[in-house]
Amino acid sequence: MALVTVSIGSNIQRDHHVRVCLDALAERFDGLQISRVFESEPVGFEDGRNFYNLVAAFETELGVGALQRWCKTLEYANGRRKDSPKYSPRTLDIDLLTVGEACGLVDGVDLPRDEIDKHAFVLRPLAELLPDHRHPLNGQRYATLWARFAEREQARQQPLWPVDFVWQGQAL
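These lines cover the structure that appears in this document, whether it is placed above or below.

Thresholds, definitions, all that
Per-chain numbering applies: the sequence of each chain, read as written, is numbered from 1 onward. Given that this is a predicted model, residues contribute local features only at a pLDDT of at least 70 and side-chain atom pairs are listed and counted only at 80 or more, while totals for whole chains, interfaces and linings are drawn from all residues. Note that the side-chain values use all heavy atoms of the structure and ignore hydrogens as well as water. Each helix corresponds to a stretch of at least 4 residues labelled H or I by DSSP, and each strand to a stretch of at least 2 residues labelled E; elements are numbered beginning at the N terminus. Both definitions apply: the radius of gyration is a C-alpha atom measure, and the globule rule equals 2.2 Å times residues to the power 0.38. Each residue gets one of three labels from its accessible area relative to the maximum for its type: buried under 20%, exposed over 50%, partly exposed in between, using a 1.4 Å probe on protein chains only. When checking whether two residues touch, look at their non-hydrogen atoms; a contact exists if any pair is within 4.5 Å. The method behind every accessible area is Shrake-Rupley, applied with a 1.4 Å probe, and residues are considered shielded solely by the protein chains displayed. Here the positive residues are Lys and Arg and the negative ones are Asp and Glu; neither His nor the chain ends is included. Lys charges are placed at NZ, Arg charges at CZ, Asp charges at CG and Glu charges at CD. N or O atoms within 3.5 Å of each other form a polar contact, as long as, within protein, one can give a hydrogen and the other can take it, and as long as residues adjacent in sequence are counted only when both atoms are side-chain atoms. Only a pair of cysteine sulfur atoms within 2.5 Å counts as a disulfide in this structure description. Any two strands between which DSSP finds at least two bridges are classified as paired. Two rings from Phe, Tyr or Trp (for Trp, the six-membered ring) form a pair when their centres sit within 6.5 Å of each other. Planes less than 30 degrees apart are called stacked, planes more than 60 degrees apart edge-to-face, and all others tilted. Note on method: axes are straight lines fitted to C-alpha atoms, helices fitted across the in-contact stretch only, with angles between N-to-C directions ranging 0 to 180 degrees. Each angle gets one of four labels, with under 35 degrees taken as roughly parallel, over 145 as roughly antiparallel, 65 to 115 as roughly perpendicular, and the rest as oblique. Handedness of a crossing is defined here by the sense of rotation of the near helix relative to the far one, left-handed for an anticlockwise turn of less than a right angle and right-handed for a clockwise turn. Note on residue classes: Ala, Val, Leu, Ile, Met, Phe, Trp, Tyr, Cys and Pro are nonpolar, Asp, Glu, Lys and Arg are charged, and everything else, Gly too, is polar.

### A short note on the overall build of the protein chain
- The secondary structure content of the protein chain amounts to five helices and ten strands.
- Here the C-alpha radius of gyration of the protein chain, 15 Å, is about what a compact globule of 172 residues would show, namely 16 Å.
- C-alpha atoms of the protein chain, sized along the principal axes, occupy 35 × 35 × 35 Å.
- Looking at the 172 residues of the protein chain, the share that counts as buried comes to 45%.
- For the protein chain, restricting intrachain contacts to residue pairs at least 6 apart in sequence, the fraction spanning at least 24 positions comes to 67%.
- With an accessible surface of roughly 8,600 Å², the protein chain has 46% of that area assigned to carbon and sulfur atoms.
- If you average the places of the 20 positive and of the 25 negative side-chain charges in the protein chain, the two averages end up 3 Å apart.

### Digging into the side chain of glutamate 39
- As for its placement among the helices and strands, glutamate 39 is situated in strand β3 (residues 38-40).
- We classify glutamate 39 as buried; its relative accessible area is 14%.
- Separated by 3.1 Å, the side chains of glutamate 39 and asparagine 50 make a polar contact.
- Excluding anything up to four places from it in sequence, glutamate 39 contacts Arg14, Asn50, Phe51, Tyr52, Pro159, Leu160, Trp161 and Val163.

### Let's talk about the state of the cysteines
- A complete count under the given rule lists zero disulfides for this structure.
- Distance from the sulfur of cysteine 103, which forms no disulfide, to the nearest cysteine sulfur (cysteine 71) is 18 Å.

### Considerations on the pairing of strand β5 (residues 93-99)
- The element β5 is largely enclosed, with a buried count of seven among its seven residues.
- Bridge count for strand β1 (residues 2-10) against β5 is six bridges, and the pairing is antiparallel. Bridge pairing in β5 links threonine 5 to threonine 98.

### Quick notes on the packing of aromatic side chains
- Counted by the stated rule, this structure contains four aromatic pairs.
- Here the aromatic rings of phenylalanine 29 and phenylalanine 58 are separated by 4.1 Å at their centres, their planes lie at 25°, and the arrangement is stacked. One end of the pair, phenylalanine 29, is in the loop between α1 (14-28) and β2 (30-34); the other, phenylalanine 58, is in strand β4 (residues 51-60), with 29 residues separating them in the sequence.
- Measuring from centroid to centroid gives 5.0 Å for phenylalanine 29 and tryptophan 70, while their planes differ by 75°, and the two rings are edge-to-face. Here phenylalanine 29, found in the loop between α1 and β2, pairs with tryptophan 70, found in helix α2 (residues 64-77); they are 41 residues apart in sequence, far enough to count as distant.

### A short note on the packing of helix α3 (residues 120-129) against helix α4 (residues 142-150)
- The geometry of α3 relative to α4 is characterised by a closest axis approach of 8 Å and an angle of 135° between their N-to-C directions. It follows that α3 is oblique to α4 by the angle criterion. Helix-helix and strand crossings are classified by hand; for α3 and α4 the assignment is left-handed. For the pair α3 and α4, the contacting residues are Ala120, Leu123, Arg124, Leu126 and Ala127 in the first and Tyr142, Ala143, Leu145, Trp146 and Phe149 in the second.
- Taken together, the residues of the contact of α3 with α4 sort by class into nine nonpolar, no polar and one charged.

As structure tokens, this is what we get:
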């Protein structure tokens with residue numbers, strides 16, 4: 001079984017779509033762990049609606065290609081359109097961050113995802129959820145990567161803050 005991490009985002013009916021995603025993950029995968037939910041300003045988007053972002057981790061025997069298809073199917077089932085422009089509002093965005101220790105192009109997916117250490121909305125929840133886990137390429141702990149990122153100007157340009165969010169009766 002591989003430990004998988006995914007980033008989850010939504011800026012259309014955020015509460016609803018995040019809950020739908022978490023319900024689907026909990027139903028399909030074992031050992032689901034969930035970070036806090038953060039609100040962030042959109043990066044590169046013309047539409048100014050803020051996002052909810054979080055990271056989830058779970059175990060699975062599914063291969064990378066099957067995982068990617070599952071994530072895309074869930075996005076499309078929740079109103080995401082294949083033909084939407086890259087920086088357009090989205091009901092649900094699920095990105096594979098890591099699949100075990102896989103590195104490189106696997107089933108058409110670059111792993112680990114390049115944006116892990118480039119965007120606060122990915123790295124902060126990942127570092128809080130799995131602080132002692134290590135980035136598959138550089139071997140650094142996620143907590144260390146976040147501490148370094150948080151000191152840079154780039155972090156101030158990507159503000160995010162935790163939000164009160166309840167899923168299945170539990171505060172995240």
